[in-house]
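Next come the chains, spelled out residue by residue.
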Amino acid sequence: MACCLLLKAVKHTEVLALVHGKSIMEVCIFFFYAMILLPGIAASVHQVKSFLNHTAYLSCYFPNSQKTDIKDLRVFWQKGDMEVVHEVYYGQEKHDNLSPKYINRTRMDMDKWTLQLLNAGILDEGQYRCIIQHRDKGSAKVIHTSECLLHIIANYSQPEIAWLHTGELKPSKYLNLTCSSSGGYPEPEQMTWLISHENKTSRLTHHMDVSQDAVTKLYNVTSKLNITVPTNTRTNISCLLHLGGQLGSLVSVPLGIDTFCKKKLGT
């Protein structure tokens, strides 16, 4: 098991070794200690949410209680096991090792120990690790690690009801409706229909068709409703899109339906 973990660290750091003039084994030892031998340093994974194409803020949660000078610290951000996101090497930012998709997209606020990821996209979702190494008397030691899990959010359009019925709307006949919302992320949980008449509201949950754009990765959703047209009453129909988690819900503009039968004389 130890051999497998060590090989993983070597693959991850061999580029760093070439840039900074260190041996593969020396850099490997740094990651070996950071990921394996210091489990008490890493806190729980911090959940971070960012809107699509906005700046995501990933904190190292480093208190720096010793007021250590940045010139004595190496701050390293990575995504997953292989991608280098940002590096501050003893006071100087290093760009040589960055994964190509992060070039010119990151800034480090050293006052707040926070990484700014510019123009965050859906492909940037995932787990990020901050590792801080202290240089003391010529040797280096990992003094802090933390992890953030980045979630990207894109707002869905307001759900919109479309009337599929053609011709005259007659009582007791079937009414076909669709409700659609588009351009959102992540995938929503479900769509609920709200049907209100005579001071009563019923809730119907039907199948929701979900499609994802191959390029943007954004979702479009649609639900269909087929009900009998109510008689001699006003009915309001709305649809509610449940986004899931703590994202809340979106509701459509109500569709009002009035159907009244004409009574014949003498009845």
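Whatever comes next refers back to the structure up there.
In this report, the structure presented in the accompanying data block is examined.

Cut-offs used in this document
- Residues numbered from 1 in each chain as written.
- Predicted model: local features only at pLDDT ≥ 70, side-chain atom pairs only at ≥ 80, totals over all residues.
- Heavy atoms only, no water.
- Helix = DSSP H or I, 4+ residues; strand = E, 2+ residues; numbered from the N terminus.
- Buried < 20%, exposed > 50% of the residue type's maximum accessible area, 1.4 Å probe, protein only.
- Contact = heavy atoms within 4.5 Å.
- Areas by Shrake-Rupley, 256 points an atom, 1.4 Å probe, with all protein chains shown as cover.
- Disulfide = S-S within 2.5 Å.
- Pairing = 2+ DSSP bridges.
- Axes fitted to C-alpha atoms, helices over the stretch in contact; angles between N-to-C directions.
- Phe/Tyr/Trp six-rings, centres within 6.5 Å; stacked < 30°, edge-to-face > 60°.

Across its full length, the protein chain carries two helices and 18 strands. Of all 267 residues assigned to the protein chain, the portion counted as buried reaches 41%. Taking contacts inside the protein chain between residues at least 6 apart in sequence as the whole, the part at least 24 apart equals 60%. Accessible area for the protein chain stands at about 15400 Å²; split by element, carbon and sulfur atoms hold 53% of it.

Let's shift gears to the state of the cysteines. Applying the stated criterion to the full structure yields two disulfides. Residue Cys 60 pairs covalently with Cys 130 via a disulfide, S to S 1.8 Å. Residues Cys 60 and Cys 130 are joined through a disulfide that is right-handed, its torsion about the S-S bond being 85°. Pair noted here: Cys 60 is in the loop between strand S2 (56-59) and strand S3 (73-79) and Cys 130 is in strand S8 (residues 126-136), with a separation of 70 residues, a long-range link. Across the pair, exposure class does not vary: Cys 60 and Cys 130 are buried alike. Assigning the bonded cysteines of the protein chain consecutive numbers by sequence position, one obtains the connectivity 1-2, 3-4. Residue Cys 148 stays outside any disulfide, its sulfur separated by 7.8 Å from that of Cys 60, the closest cysteine. Overall, Cys 148 belongs to the buried group, its relative accessible area being 1%.

Now for the pairing of strand S1 (residues 46-51). Where burial is concerned, the two faces of S1 differ: the one with His 46, Val 48 and Ser 50 is buried and the one with Gln 47, Lys 49 and Phe 51 is not. Of the pairings in the sheet, the one linking S1 to strand S9 (residues 139-153) comprises six bridges and is parallel in character. Directly across from Gln 47, in S9, lies its bridge partner Leu 149.

Reading across from one edge, S2-S7-S6 is the order of the three strands in this open sheet, with antiparallel pairing throughout. With one partner strand each, in any of the chains shown, S2 and strand S6 (106-109) form the two edges of the open sheet. Recorded for the sheet is a direction-independent mean angle of 25° between the axes of neighbouring strands. In terms of strand pairing, S6 meets strand S7 (residues 114-117) through four bridges, oriented antiparallel. Within S7, the residue paired with Met 108 across the bridge is Leu 115.

Let us look at the packing of aromatic side chains. Applying the stated criterion across every chain yields a total of three aromatic pairs. Aromatic pair Phe 62 and Trp 113: ring centres 4.9 Å apart, planes at 90°, arrangement edge-to-face. On the criterion of sequence distance, the pair formed by Phe 62 in the loop between S2 and S3 and Trp 113 in the loop between S6 and S7 is long-range, its members being 51 residues apart. Considered together, Phe 62 and Trp 113 belong to a single accessibility category, that of buried residues.

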